[in-house]
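# Structural overview for review
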Amino acid sequence: MLILSGGTGTPKLLRGLARLLDPEEITVVVNTAEDLWVSGNLVSPDLDTVIYTLAGLIDEERWWGIRGDSFITHTRLRELGVRERLAIGDVDRAFHILRSNVIRRGGTLSDATGIMREALGIRSRVFPMSDERVSTIIKTPLGEMHFQEFWVERRGEPEVLGIRFDGIDDARPSSGFLEALRKEETVVIGPSNPVTSIGPILSLKGVRDAIAEKTTVAVSPLDGDRPFSGPAARFMRAVGVEPNDEGVISILGEVDHFIVSMSSSYPGRCIRTDTRIDSMEDSIRLAKEIVRLAG
């Protein structure tokens, strides 16, 4: 099973899928368009969240970073006048240093991700969507800015006028992603932001055509006509679609099975169920439905 993931909703679902399936049957391809360099190290927020979730380390209160991590280095840097775009924990930073050193020595993001997987004993395959740089750029009345500047530094407050993925035209799917597209029969599009989490993955050359040949199960990230979290509704309007499940499917494209919330207004063929994931039990319940649909 190939799962397309962003950084919050889909990792929550992964916990349940990892309980139901042999972890070695799971391949996760993760959005990297929100990656950025901080204090000399590459931070890959969505990739880190997936890895920490599968390793049982994720901070389940925030759904980013490592549970119980300290922030001594980040605090000291601030005292020294260094402004970091993201608050990075000390253990979290160690993995960023490892990743960055691999890349500085000529390795790829996929190489670094493989080393992290092995170090943490993760049996599922995890790949970045691409080993080439893609950046989500938000157009606002204040000018264009990286997603992390918009969402973290400016707290998502500026009006969103448009969104583009810088570098997407030249980026290629990672070799692990391409292999999964060749081998896997089922693709699950997780309940992550359809514009900025799933959108970049689907925008890579050849991905939509390859997925069209698979059995596809998509889980809406909306509860009725509202996102469970994050700026999905504003981003959907910015790209010209309504913030409802019709808008979600217009971004994702045709799928075999579309799972929506009980309160969804979606008029097409779909499976209505409780899509909220507040606990492990919720994750397992939703994962069972996905496995059933995947056959």
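Residues numbered from 1 in each chain as written. Predicted model: local features only at pLDDT ≥ 70, side-chain atom pairs only at ≥ 80, totals over all residues. Heavy atoms only, no water.

### Some words on the overall build of the chain
Spelled out, the test is: We count a stretch as a helix when DSSP gives it H or I for four or more residues in a row; a strand needs E for two or more, and each element gets its number in order from the N terminus. Here the globule rule is a power law, 2.2 Å times the number of residues to the power 0.38, and the radius of gyration is based on C-alpha atoms. Only protein chains enter the accessibility calculation, which uses a 1.4 Å probe; a residue whose area is less than 20% of its type maximum is buried, one above 50% is exposed, and one in between is partly exposed.
When its secondary structure is counted, the chain shows 12 helices and 14 strands. In terms of overall size, the chain behaves like a compact globule, its C-alpha atoms giving a radius of gyration of 18 Å where 295 residues would be expected to give roughly 19 Å. The C-alpha extent of the chain, read off along each of the three principal axes, is 55 × 45 × 35 Å. Going through the 295 residues of the chain one by one, you find that 56% of them count as buried.

### Brief notes about the nonpolar core
Quick note on the threshold: We call a set of buried Ala, Val, Leu, Ile, Met, Phe, Trp, Tyr and Cys residues a nonpolar core when their side-chain atoms join them within 4.5 Å. By the convention used here, residues are in contact when the closest approach between their heavy atoms is within 4.5 Å.
Counting residues in each nonpolar core, the largest one holds 42 residues, and the members touching the most others are Leu4 and Phe177. Not counting residues up to four positions away in its chain, the partners in contact with Phe177 are Leu2, Leu4, Val29, Phe127, Met129, Ile201, Leu204 and Val207. Counting 32 residues, the second-largest nonpolar core is a separate cluster that includes Ile3, Leu14, Val30 and Ile51.

### Some thoughts on the pairing of strand 2 (residues 27-30)
For clarity, the threshold we go by: Two strands qualify as a pair provided that DSSP identifies no fewer than 2 bridges between them. We call a crossover right-handed when, viewed with both strands directed away from the observer, the connection leading from the first strand over the helix to the second proceeds clockwise.
Side chains Thr27 and Val29 project from strand 2 onto one buried face, and the interleaved Val28 and Val30 project onto a second face that is buried too. Where strand 1 (residues 2-5) meets strand 2, 4 bridges bridge the pair, whose relative direction is parallel. Looking at the pairing, Leu4 lines up with Val29 of strand 2. Once you follow strand 1 into helix 1 (residues 9-20) and on to strand 2, the crossover reads as right-handed. Across 4 bridges, the pairing between strand 2 and strand 5 (residues 125-128) is parallel. Counted as the bridge partner of Val29 is Phe127 from strand 5.

### Quick word on the sheet that holds strand 6 (residues 135-140)
Let me state the cut-off plainly: Each axis is a line fitted through C-alpha atoms, and for a helix only the stretch in contact is used; angles between axes span 0 to 180 degrees, taken between their N-to-C directions.
Spatial strand order, 7-6-8: 3 strands in an open sheet with antiparallel pairing. Because the sheet does not close on itself, it has two edges, and the strands there are strand 7 (143-146) and strand 8 (162-166). The sheet shows a mean angle of 30 degrees between the axes of neighbouring strands, taken without regard to direction. Note that strand 6 and strand 8 share 5 bridges and pair antiparallel. Its bridge partner being in strand 8, Lys139 is matched across the sheet by Gly162.

### Here's the deal with unusual backbone geometry
Of note, Trp63 is a non-glycine position whose phi angle comes to about 60 degrees, a positive value. With respect to the helices and strands, the residue Trp63 is situated in the loop between helix 2 (45-54) and helix 3 (72-79). With relative accessibility at 9%, the residue Trp63 sits in the buried group. Backbone geometry at Arg155 places phi at a positive 55 degrees, although glycine is not the residue there. Relative to the assigned elements, Arg155 resides in the loop between helix 6 (147-153) and strand 8. Residue classification places Arg155 among the exposed residues on the basis of a relative accessible area of 65%.

### Here's the deal with the environment of Pro221
Here Pro221 lies in the loop between strand 10 (215-219) and strand 11 (222-223). Using a relative accessible area of 8% as the deciding quantity, one classes Pro221 as buried. Separated by 152 residues in the primary sequence, Pro221 and Asp69 place their C-alpha atoms 28 Å from one another. Apart from residues lying up to four places away in sequence, Pro221 is in contact with Pro191, Ser192, Pro194, Arg226, Pro227, Phe228 and Val248.

### Quick look at the pairing of strand 9 (residues 186-189)
Where burial is concerned, the two faces of strand 9 agree: the one with Thr186 and Val188 and the one with Val187 and Ile189 are both buried. Note that strand 1 and strand 9 share 3 bridges and pair parallel. Counted as the bridge partner of Ile3 is Val188 from strand 9. Pairing of strand 9 with strand 10 involves 4 bridges; the strand directions are parallel. The partner of Val187 across the bridge, within strand 10, is Thr216.

### A look at helix 4 (residues 90-104)
Structural remark: α-helix, 3.6 residues per turn; residues separated by three or four positions point the same way. To keep it simple, the criterion reads: By definition here, a helix of n residues has an expected span of 1.5 Å times n minus one.
Counted at 1.5 Å a residue, the expected span for helix 4 with its 15 residues is 21 Å, and the 21 Å between its end C-alpha atoms agrees. Among the residues of helix 4, those classed as buried are Asp90, Asp92, Arg93, Phe95, His96, Arg99, Ser100 and Val102. On its buried face, helix 4 sits against strand 3 (36-38), strand 4 (41-43), helix 2, helix 3 and helix 5 (109-120).

### A short note on helix 5
For helix 5, which comprises 12 residues, the first-to-last C-alpha distance of 17 Å matches the rise-based estimate of 16 Å (1.5 Å per residue) to within 8%. Listed as buried for helix 5 are Leu109, Ser110, Ala112, Thr113, Gly114, Met116 and Arg117. In the stretch just after helix 5, Gly121 is the one whose phi turns positive, near 70 degrees.

### Brief notes about the environment of Pro128
Tracing the backbone shows Pro128 in strand 5. On the basis of relative accessible area, Pro128 is assigned to the buried category, the value being 0%. Along the backbone, Pro128 and Ala218 are 90 residues apart, and their C-alpha atoms lie at a distance of 20 Å. Residues contacting Pro128, with those up to four places away along its chain left out, are Val29, Val30, Thr32, Leu47, Leu109, Ser110, Thr113 and Ser174.

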